[in-house]
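These are the residues of each chain, in order.
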Amino acid sequence: MGKSESRITPVRQQGIDCVRLGIEGASVTVSRFGAQVLSWVPADGKERLFLSERAVCDGTSPIRGGVPICFPQFSGLGGLPKHGFARIREWQTTDPADTDADLVFSLQSDQQTRSLWPHAFAARFAISLSALGLTMQFSVRNTGDAAFTFTGALHTYLRIAAIEQVALSGLSGCEYRDAADADAIRRERNAAIRFEAEVDRVYHDAPREVVLKTPEGALSIASVGFADTVVWNPGATLCAGMPDMAPHGYRHMVCVEAATARLPVSVQPGQSWSGGQTLTVMPPERSVR
Ligand code: TA6
């Protein structure tokens, strides 16, 4: 099926209102709550995103899994709710006609956002789908008359069969802040990261592409605009204390996030910022471990 024959349908996933887009044998499902991608199934038919079986999908709290949009604050880097408010707001679908994207969501500042964060903004989340790739682009325009700064991320939860079998390459030599060890600043010494316990790292000024290798194949994770790459897996102990994760949930996910965390981005009045992440299923010859 070609792009012109793309299909967008309203669906419910785990009880939440979503929009599903199908193109070239691939599909992506996005919740209106948070404009959160919950499912991405490329044309090979395999789900690539993790959505916790215990995710809360009633609009009362963030959804554990998929691709939460963290804005205007990454994690606890400020006084806002953790990871900001974009992931707990209802977004609107917008006509993608004037863009290259297949699906576009928008979120504007209102009284509620201004009560938390006193700035005027218009945010967009644009999705482009192909047979083996998913591109997500977040952009924000300053619609007020004073500059603002923000931090944020596309907090992508990748589905994996078994955490002990995966390796993430591409970050060797990169400086990182180790949030799992009192925010120590370290340098990545390993050619590939493996996950034997909690990993919670912000890689500063990270390379534009990292590769997640698994016995089933490899996934390229590329970013633009976002300076940093966050890598997170809670490990068994933290996971056991998370009410919206099954005890074994940590074994089936790893977050590789396009983030702007170390240095806040500044946006002048009338100006826009944008950043994105592209996930691509790699051909078998580039997948060898
Ligand atoms: O991006 C990594 C991180 O900030 C971790 O520290 C971890 O807390 C994770 O996000 C999940 O945060 P959440 O608020 O969704 O539980």
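Visitor: Got a minute to help me understand the overall build of the protein in this structure?
Guide: The number of helices and strands found in the protein is two helices and 21 strands. On C-alpha atoms alone, the protein measures out to a radius of gyration of 18 Å, which is about the 19 Å that the 2.2 N^0.38 rule sets for 289 residues. Viewed in the frame of its principal axes, the protein has a C-alpha envelope of about 50 × 50 × 35 Å. Buried residues in the protein amount to 52% of all 289 residues. Summarising the internal contacts of the protein: among those between residues at least 6 apart in sequence, 62% fall at separations of at least 24.

Visitor: What's the story with the side chain of Ser52 in this structure? I'm lost.
Guide: As for its placement among the helices and strands, Ser52 is situated in the loop between β4 (36-41) and β5 (69-70). Judged by its relative accessible area of 1%, Ser52 is buried. Among the polar contacts made by the side chain of Ser52, one reaches the main-chain amide nitrogen of Arg54 at a distance of 3.0 Å. Ignoring anything within four residues of it in the chain, the contact list for Ser52 reads Gln14, Arg64, Asp244, Met245 and Ala246.

Visitor: Whenever I open this one, the pairing of β4 confuses me. Can you help?
Guide: The two faces of a sheet get side chains in turn, since along a regular strand they alternate between them. Counting buried positions along β4 yields six of six residues, so the element is predominantly enclosed. Pairing of strand β3 (residues 26-31) with β4, which is carried by five bridges, proceeds in the antiparallel orientation. Across the sheet, the residue bridging to Ser27 is Val41, located in β4. Here β3 hands over to β4 after four residues, with Gly34 in that stretch at a positive phi of 85 degrees.

Visitor: Would you mind showing me how to read the packing of aromatic side chains here?
Guide: Aromatic rings in a pair are described by how distant their centres are and how their planes are angled relative to each other. Taken as a whole and assessed by the stated rule, the structure comprises 14 aromatic pairs. Relative to Trp273, the ring of Phe150 has its centre 5.4 Å away and its plane inclined at 75 degrees; by these criteria the two rings are edge-to-face. Taken together, the residues span a long stretch of sequence, with Phe150 in strand β10 (residues 148-154) and Trp273 in strand β21 (residues 272-281) at a distance of 123 residues. In this structure Trp273 comes out as buried when scored by relative accessible area, which is 14%. Through a chain of ring-to-ring contacts, the aromatic side chains of Phe71, Phe85, Trp117, Phe121, Phe138, Phe148, Phe150, Phe226 and Trp273 assemble into a single cluster.

Visitor: Honestly, the nonpolar core in this entry has me stumped. Any pointers?
Guide: Note on soluble globular proteins: their nonpolar side chains tend to be buried together. One finds Val37, Trp91, Phe125 and Phe138 to be the most contacted residues of the largest nonpolar core, which totals 69 residues. Counting residues per element, this core draws most heavily on strand β20 (residues 253-267), at seven residues. With near-sequence residues (within four places) excluded, Trp91 lies in contact with Arg32, Gly34, Ala35, Ile69, Ala86, Phe105, Ser106, Leu107, Ala123, Arg124, Phe125 and Phe138. By size, the runner-up hydrophobic cluster in this structure holds nine residues, among which are Val11, Ile16, Phe33 and Leu38.

Visitor: Help me understand the confidence of the model for the protein, please; the structure alone is not making it clear to me.
Guide: Low pLDDT marks regions whose predicted coordinates should not be analysed in detail. Of all residues in the protein, 96% have pLDDT values of 70 or greater, and the mean over the chain is 95. Note on residues 1-5: pLDDT is under 50 here. Beyond four places in sequence and across chains, it has seven contacts.

Visitor: Help me understand the site of the ligand in this model?
Guide: Lining the immediate environment of the ligand, one finds Arg64, Phe74, Ser75, Lys82, His83, Arg87, His155, Asp200, Val230, Trp232 and Glu257. Contacts to the ligand include Arg64, whose side-chain N or O atom sits 3.0 Å from an oxygen atom. One nitrogen or oxygen atom from the side chain of Arg87 is found 2.9 Å from an oxygen atom belonging to the ligand. Bound to the protein, the ligand loses 85% of the 390 Å² it would expose on its own. Partitioning the shell around the ligand into residue classes produces three nonpolar, three polar and five charged.

Visitor: I would appreciate a short explanation of the pattern of salt bridges in the present structure.
Guide: A side chain with one charge may pair with a side chain of the opposite charge, provided their charged atoms come close. Inspection of the entire model under this criterion finds ten salt bridges. Between Asp44 and Arg48 there is a salt bridge, with the nearest N and O atoms lying 2.8 Å from each other. The closest approach of N and O atoms between Arg201 and Glu188, which form a salt bridge, is 3.2 Å. Taken as a pair, Arg201 in strand β16 (residues 199-203) and Glu188 in the loop between β14 (184-187) and β15 (192-193) lie far apart in primary sequence, 13 residues in all. Taking the relative accessible area as the measure of exposure, Arg201 reaches 16% and is therefore buried. Connected via shared salt-bridge partners are Asp178, Asp181 and Arg186.

Visitor: What am I meant to see in the environment of Asn190 here?
Guide: Looking at the secondary structure, you find Asn190 in the loop between β14 and β15. Of the polar contacts made by the side chain of Asn190, one reaches the side chain of Glu188; its length is 3.1 Å.

Visitor: I'm lost on the sheet that holds strand β18 (residues 217-224) in this one. Help?
Guide: In any sheet, the strands associate via hydrogen bonds between backbone groups, in a parallel or an antiparallel arrangement. In space, the nine strands of this open sheet follow the order β6-β7-β8-β9-β21-β18-β17-β12-β15, with antiparallel pairing throughout. The strands lining the two open edges of the sheet, one partner per strand, are β6 (92-94) and β15.

Visitor: Which parts of the structure should I look at to understand the state of the cysteines?
Guide: As used here, a disulfide is simply a covalent bond connecting the sulfur atoms of two cysteines. Considering all chains together, one arrives at zero disulfides under this definition. Cys70 carries a free sulfur, and the closest cysteine sulfur to it, the one in Cys255, is 9.1 Å from it.

Analysis parameters
- Residues numbered from 1 in each chain as written.
- Predicted model: local features only at pLDDT ≥ 70, side-chain atom pairs only at ≥ 80, totals over all residues.
- Heavy atoms only, no water.
- Helix = DSSP H or I, 4+ residues; strand = E, 2+ residues; numbered from the N terminus.
- Rg over C-alpha atoms; globule rule 2.2 N^0.38 Å.
- Buried < 20%, exposed > 50% of the residue type's maximum accessible area, 1.4 Å probe, protein only.
- Contact = heavy atoms within 4.5 Å.
- Polar contact = N/O pair within 3.5 Å; in protein donor to acceptor, adjacent residues only side chain to side chain.
- Pairing = 2+ DSSP bridges.
- Phe/Tyr/Trp six-rings, centres within 6.5 Å; stacked < 30°, edge-to-face > 60°.
- Core = buried A, V, L, I, M, F, W, Y, C linked by side-chain atoms within 4.5 Å.
- pLDDT = per-residue confidence, 0-100.
- Near = heavy atom within 4 Å.
- Areas by Shrake-Rupley, 256 points an atom, 1.4 Å probe, with all protein chains shown as cover.
- Nonpolar A, V, L, I, M, F, W, Y, C, P; charged D, E, K, R; others polar.
- Salt bridge = Lys/Arg side-chain N within 4 Å of Asp/Glu carboxyl O.
- Disulfide = S-S within 2.5 Å.

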